[in-house]
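# Structural features, examined
Listed below are the residues making up each chain.
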Amino acid sequence: MKILVTGGAGFIGSNFIYHMLDTYPEYEILCLDALTYAGNMETLAEVAKSPKFKFYKGDIADREFVYDLFEKEKPNVVVNFAAESHVDRSIDNPGIFLQTNILGTGVLLDACRKYGIDRYHQVSTDEVYGDLPLDRPDLFFTEETPIHTSSPYSASKAASDLLVQSYYRTFKVPVTISRCSNNYGPYHFPEKLIPLMIANALNDKELPVYGKGENVRDWLYVLDHCKAIDLIIHKGKVGEVYNIGGHNERTNLEVVKTVLKELGKPESLIRYVTDRPGHDMRYAIDPTKISKELGWEPTTAFDDGIKLTIKWYLDNKKWWENIISGEYQSYYEKMYGER
Ligand code: NAD
Ligand code: DAU
């Protein structure tokens with residue numbers, strides 16, 4: 001099996017590459033990544049030594065580059081993680097989200113159609129379903145929940161899902177889609193809630209909580225997500241969508257307080273800041289389909305996963321300190337300076 005992993009120098013893609021090479025030492029893994037601000041070769045340093053791994057720097061929306069790569073390597077599976085992934089950045093500058101997430105997905109699908117493929121897997125998100133009200137804890141996203149997006153990010157992800165489904169129906173490209181809830185774990189870029197709060201707390205900086213901190217996210221340890229995608233590409237039914245989530249709902253404030261407690265830092269570091277425009281209230285996944293059809297179950301409860309994650313950030317300070325010392329400083333100032 002030769003798997004092309006796009007976006008493999010980012011958070012989830014890199015964890016997926018590590019998981020696949022550990023689990024299937026005979027597989028060949030190719031990584032295609034544009035190395036945007038979110039991509040990081042240091043993340044792939046360990047795996048870069050493997051004879052079963054090859055890295056290509058390139059843009060999924062660059063048709064000529066992608067076609068050349070398919071012509072040369074003829075992958076039989078594509079797993080598309082490559083995306084602009086941060087909601088706040090999509091509010092600041094939507095254009096690149098349309099370019100990468102929609103047009104880039106279109107180029108990959110065209111390449112699959114042209115060169116042939118056993119499976120194209122699209123890594124999507126629960127954000128395509130919009131949000132759920134806080135006062136209805138009985139409601140969950142199923143695969144039948146209508147698409148109803150809030151941010152330019154989620155709209156671009158929904159558009160790419162629809163494109164993927166259209167290539168299945170019209171051109172019979174063998175596709176699957178997974179829609180996962182919020183991930184956390186090693187190599188998570190520190191613009192996102194959990195790593196940002198860990199880094200700030202360790203530096204005794206204020207922890208910026210949007211609004212009242214009552215929004216709810218359904219947290220999944222990244223390895224559980226990777227294992228679910230592994231199952232879907234091997235056993236999932238072509239044309240199907242699978243929701244992935246582990247019933248680990250927490251308010252943002254609960255998450256932030258847990259981080260502070262684990263690090264022995266005071267709650268006085270919390271600063272309530274202006275809310276995100278269009279902020280989704282609650283995400284919660286019903287994972288019944290993937291559990292019944294493919295036997296997937298999450299293995300890491302939030303209380304354990306957050307400890308593992310904090311330990312990873314303590315043990316790998318150089319990785320995130322390199323990130324936050326660079327252009328991240330101006331990003332942080334722009335997003336939080338006068339908030
Ligand atoms: P990330 O931002 O950490 O990584 C994205 C990677 O894609 C980076 O390595 C970046 O360099 C690369 N990339 C960006 N534009 C590219 C382009 N045009 N061509 C090639 N490579 C490009 O993102 P992540 O959190 O690892 O998310 C990966 C995927 O999973 C995304 O599609 C995201 O929508 C989806 N997802 C994320 C979460 C989450 O909680 N992080 C949850 C559900 C789904
Ligand atoms: O649900 C899956 C999605 O989860 C993925 O599709 C996205 O790629 C991923 O970024 C994530 O989106 P969120 O917007 O939920 O994640 P984020 O870490 O940006 O924010 C989580 C919550 O924390 C959200 O309610 C906003 C809040 N927040 C975030 C930051 C960065 C804060 O209160 N303060 C912050 O500084």
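This section reports on the structure supplied with the text. (Residues numbered from 1 in each chain as written. Chains lettered and ligands numbered in written order. Predicted model: local features only at pLDDT ≥ 70, side-chain atom pairs only at ≥ 80, totals over all residues. Heavy atoms only, no water.)

### Quick look at the overall build of the protein chain
Note the cut-off: In this text, helices come from DSSP runs of H or I with a minimum length of four residues, and strands from runs of E with a minimum of two, each type numbered from the N-terminal end. For the radius of gyration, the atom set is restricted to C-alpha positions; the globular benchmark scales as 2.2 Å times the number of residues to the power 0.38. Burial classes follow relative accessibility: with a 1.4 Å probe on protein chains only, a residue under 20% of its type's maximum area counts as buried, one over 50% as exposed, and anything between as partly exposed. Throughout, a contact is declared for two residues whenever any of their heavy atoms are within 4.5 Å. To measure how exposed things are, a 1.4 Å probe is used in the Shrake-Rupley method; for residues, cover is taken only from the protein chains shown. Charged-residue counts in this description rest on Lys and Arg as positive and Asp and Glu as negative, His and the chain ends being excluded. To locate a charge, take atom NZ for lysine, CZ for arginine, CG for aspartate or CD for glutamate.
Each helix and strand in the protein chain was counted, giving 12 helices and 13 strands. In terms of overall dimensions, the protein chain is globule-like: its C-alpha atoms have a radius of gyration of 19 Å, near the 20 Å expected for 339 residues. Across its three principal axes, the protein chain shows a C-alpha extent of roughly 55 × 45 × 35 Å. A burial count over the protein chain gives 57% of its 339 residues as buried. Partitioning the contacts of the protein chain with sequence separation of at least 6, the portion at a separation of at least 24 is 83%. For the protein chain, the accessible area works out to roughly 14300 Å², and carbon and sulfur atoms hold 51% of it. Computing the positive centroid from 39 side-chain charges and the negative centroid from 49, the protein chain places the two 3 Å apart.

### Concerning the site of ligand 2
Rules: Here, proximity means that at least one heavy atom of the residue falls within 4 Å of the molecule or strand. In protein, a polar contact requires one atom able to donate a hydrogen and another able to accept it; more generally it is a pair of N or O atoms within 3.5 Å, and residues adjacent in sequence count only if both atoms are side-chain atoms. Amino acids are sorted into nonpolar (Ala, Val, Leu, Ile, Met, Phe, Trp, Tyr, Cys and Pro), charged (Asp, Glu, Lys and Arg) and polar (every other residue, Gly among them).
Not every one of the 24 residues close to ligand 2 is listed here, only the nearest: T125, D126, Y153, R276 and H279. The separation between a nitrogen atom of ligand 2 and a polar main-chain atom of P208 is 2.8 Å. Between ligand 2 and N252 there is a distance of 2.8 Å, counted from an oxygen atom to a side-chain nitrogen or oxygen. Considering ligand 2 on its own, with 690 Å² of exposed area, one finds that the protein chains cover 94% of that surface. Mapped onto the shell around ligand 2, the elements with two or more residues apiece are α6 (193-202) and β8 (207-210). If one sorts the elements of the shell around ligand 2 by residue count, β8 sits on top with 3 residues. For the shell around ligand 2, the per-class residue count stands at 10 nonpolar, 8 polar and 6 charged.

### A word on the packing of helix α4 (residues 95-115) against helix α5 (residues 152-171)
Put simply, the rule reads: Note on definitions: angles span 0 to 180 degrees between N-to-C directions of axes, and those axes are lines fitted to C-alpha atoms, for helices only across the stretch in contact. When describing relative orientation, an angle under 35 degrees is termed roughly parallel and one over 145 degrees roughly antiparallel, while 65 to 115 degrees is termed roughly perpendicular and anything else oblique. Note on convention: near helix rotated counterclockwise from far helix by under a right angle means a left-handed crossing. Clockwise means right-handed.
At a closest axis distance of 8 Å, the pairing of α4 and α5 adopts a crossing angle of 15 degrees. Between α4 and α5, the crossing angle belongs to the class labelled roughly parallel. Handedness of the α4/α5 crossing: right-handed. The segment α4 lies against α5, with F97, L98, N101, I102, T105, G106, L109, D110 and R113 engaging Y153, S156, K157, A159, S160, L163, V164, Y167 and F171.

### Here we look at the site of ligand 1
As a matter of local geometry, ligand 1 sits amid 28 residues, with I12, D33, S85, Y153 and K157 nearest to it. Taking G10, its main chain carries an N or O atom lying 2.9 Å from an oxygen atom of ligand 1. Between ligand 1 and the protein, one listed contact pairs an oxygen atom with a backbone N or O atom of F11 at 3.1 Å. Burial of ligand 1 by the protein amounts to 96% of the accessible area it has alone, namely 830 Å².

### Re the packing of helix α1 (residues 11-23) against helix α7 (residues 222-235)
Here α1 crosses α7 at 65 degrees, and the two axes come no closer than 9 Å. At the point where α1 passes α7, the crossing takes the right-handed sense. Here α1 contributes F11, I12, N15, F16, H19, M20 and T23 to the contact with α7, which in turn contributes V222, L223, H225, C226, K227, I229, D230, I233 and H234. When grouped by side-chain class, the residues that make up the contact of α1 with α7 number 9 nonpolar, 5 polar and 2 charged.

### Observations regarding the side chain of T176
Within the fold, T176 resides in strand β6 (residues 175-180). For T176, a relative accessible area of 0% corresponds to the buried category. Polar contacts involving the side chain of T176 include one to the side chain of H121, which spans 2.9 Å. Excluding residues within four positions of it along the chain, T176 makes contact with R119, Y120, H121, Q122, I232, K237, V238, E240 and Y242.

### Focus: the nonpolar core
Counted only if it meets this: Take the buried residues of types Ala, Val, Leu, Ile, Met, Phe, Trp, Tyr and Cys, join any two whose side-chain atoms come within 4.5 Å, and each joined set is a nonpolar core.
In this structure, I3, F16, I17 and V79 are the most contacted members of the largest nonpolar core, which totals 63 residues. If sequence neighbours within four positions are ignored, F16 has contacts with V5, V79, F81, C226, I229, D230 and I233. One finds L4, A111, V173 and V241 within the second-largest nonpolar core, a separate group that totals 32 residues.

### Digging into the pattern of salt bridges
Under the convention used in this document: Salt bridge, as used here: a side-chain nitrogen of Lys or Arg that lies within 4 Å of a carboxyl oxygen of Asp or Glu.
Scanning the model with the defined rule gives 18 salt bridges in all. Taking the shortest distance from any N to any O, the salt bridge between E206 and R271 comes out at 2.5 Å. Of this pair, E206 sits in the loop between α6 and β8 while R271 is found in strand β13 (residues 270-273), placing the two residues 65 residues apart along the sequence. Residues R250 and D303 are paired through a salt bridge, measuring 3.2 Å at the closest nitrogen-oxygen approach. Remark: D303 occurs in helix α10 (residues 302-315) and R250 occurs in strand β12 (residues 249-251); sequence separation between them is 53 residues. A residue is classified by how much of its surface remains accessible, and D303, at 43% relative accessible area, is partly exposed. Here the salt bridges share partners, and the residues they tie into one network are K2, K54 and E73.

### Considering the pairing of strand β4 (residues 77-80)
This is how the line gets drawn: Paired strands, as defined in this entry, are two strands with at least two bridges between them according to DSSP.
Burial along β4 is two-sided: the residues V77 and V79 and V78 and N80 are all buried. Two strands pair when backbone bridges link them, and strand β1 (residues 2-6) and β4 are joined in this way by 4 bridges, in the parallel orientation. Note that in β4 the partner of T6 across the bridge is N80. Of the strand pairs in this sheet, β4 and strand β5 (residues 119-125) are connected by 4 bridges, and their pairing is parallel. Counterpart to V77 in the pairing with β5 is R119.

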